[in-house]
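# What the coordinates show
Letter by letter, the chains look like this.
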Amino acid sequence: PLSFPQKLWKILESDQFRSIWWSDSGKCIAINEELFKEEVLGRGRLQQVFNTQRIKSIIRQLNIYGFSKMQRDVQRSASLPEFLAEEAAVSAHSQILYYYNPCFNRAHPWLLETCMRR
């Protein structure tokens, strides 16, 4: 069975999910909380990605594996107008969660092996 970070990597690299993505820098992950609840956690038992249907359990796993919550990925957009346009595109009800782990970097997939439980 895949570890939590391996499952996370797999869904980030998949074209199947719109609720979770790499930041532009590839150093952080971004999660649209409401869409993630529907798209990933709301799947039927046979298609379940994680062994939970609760976002709090996912956040707990992120913390256990050394991810830190960020305010936002500062490298997401180069200019203020682009950033404001991106923010406006996200609905008022959605919350984007950003998480960072130095061992979880899109440009360095081999570091995934060092992403261990605390």
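Anything mentioned here points back to the structure above.
Anyway, here's the lowdown on the structure attached to this text. Everything numeric in this text was worked out from a predicted model, so none of it was measured. (Residues numbered from 1 in each chain as written. Predicted model: local features only at pLDDT ≥ 70, side-chain atom pairs only at ≥ 80, totals over all residues. Heavy atoms only, no water.)

## Describing the nonpolar core
In summary, soluble globular proteins display a tendency toward joint burial of nonpolar side chains. Inclusion rule: To define a nonpolar core, start from buried Ala, Val, Leu, Ile, Met, Phe, Trp, Tyr and Cys residues and group those joined through side-chain atoms within 4.5 Å. Working definition: with a 1.4 Å probe on protein chains only, accessible area under 20% of the residue-type maximum means buried, over 50% means exposed, and in between means partly exposed. Helix and strand assignments follow DSSP, with helices taken as H or I runs no shorter than four residues and strands as E runs no shorter than two, numbered in order from the N terminus. Two residues qualify as a contact provided that any one of their heavy atoms is within 4.5 Å of a heavy atom in the partner residue.
Of all hydrophobic cores here, the largest spans 25 residues; its most connected members are Leu8, Ile29, Phe36 and Phe50. Listed by contribution, the elements that provide at least two residues to this core are helix 1 (4-13), strand 1 (20-22), strand 2 (28-32), helix 2 (33-41), helix 3 (55-64) and strand 4 (96-100). Examining the composition of this core, we find that 5 residues originate from one element, helix 1, more than from any other. Other than its neighbours up to four places away in sequence, Phe50 contacts Phe4, Lys7, Leu8, Ile11, Phe36, Val40, Leu41 and Ile58.

## Here's the deal with the environment of Gln71
By the element assignment, Gln71 lies in the loop between strand 3 (68-70) and helix 4 (80-89). Relative accessible area serves as the criterion here: at 77%, Gln71 is assigned to the exposed category.

## Focus on the environment of Arg118
Looking at where Arg118 falls in the secondary structure, it is placed in the segment after strand 4. Exposure remark for Arg118: the relative accessible area of 72% places this residue in the exposed category. C-alpha separation for the pair Arg118 and Tyr65, spaced 53 residues apart in sequence, amounts to 6.0 Å. The contact partners of Arg118, leaving out residues within four places of it in the chain, are Asn63, Ile64 and Gly66.

## Here's the deal with helix 1
All of the buried residues in helix 1 are Phe4, Pro5, Leu8, Trp9, Ile11 and Leu12. Where helix 1 is buried, its residues touch strand 1, strand 2, helix 2 and helix 3.

## What about the side chain of Thr52?
Quick note on the threshold: Side-chain atoms alone can form a polar contact between residues adjacent in sequence; in general such a contact is a pair of N or O atoms within 3.5 Å, and within protein one must be able to donate a hydrogen while the other accepts it.
Summarising the element assignment, Thr52 is placed in the loop between helix 2 and helix 3. Among the polar contacts listed, one links the side chain of Thr52 to the backbone nitrogen of Arg54, at a separation of 3.1 Å. A polar contact is formed between the side chain of Thr52 and the side chain of Ser57, at a distance of 3.3 Å. If we skip the residues at most four places from it in the chain, Thr52 touches Leu41, Ser57 and Ile58.

## With respect to the layout of surface pockets
Formally: Here a cavity denotes grid points, spaced 1 Å and computed from the protein atoms alone, that fit a 1.4 Å probe unable to get out, and a pocket denotes an open set having protein on both sides within 12 Å along at least 5 of 7 lines; residues with an atom within 4 Å of a point are the lining. Grid points are joined across faces, edges and corners, and a volume is the space filled by probe spheres set on the points. Each residue gets one label: Ala, Val, Leu, Ile, Met, Phe, Trp, Tyr, Cys and Pro are nonpolar, Asp, Glu, Lys and Arg are charged, and the others, such as Gly, are polar.
Computed from the structure, the largest pocket encloses a volume of approximately 210 Å³. Broken down by class, the residue content of the lining of the largest pocket amounts to 5 nonpolar, 5 polar and 3 charged.

## Focus: the state of the cysteines
Heads up, the condition is: Disulfides are defined as cysteine sulfur pairs within 2.5 Å.
Applying the stated rule across the entire model yields 0 disulfides. In this structure Cys103 is a free cysteine whose sulfur lies 5.8 Å from that of Cys115, the closest cysteine sulfur available. Accessibility expressed as a relative area gives 22% for Cys103, which makes it partly exposed. Judged by its relative accessible area of 6%, Cys115 falls in the buried class.

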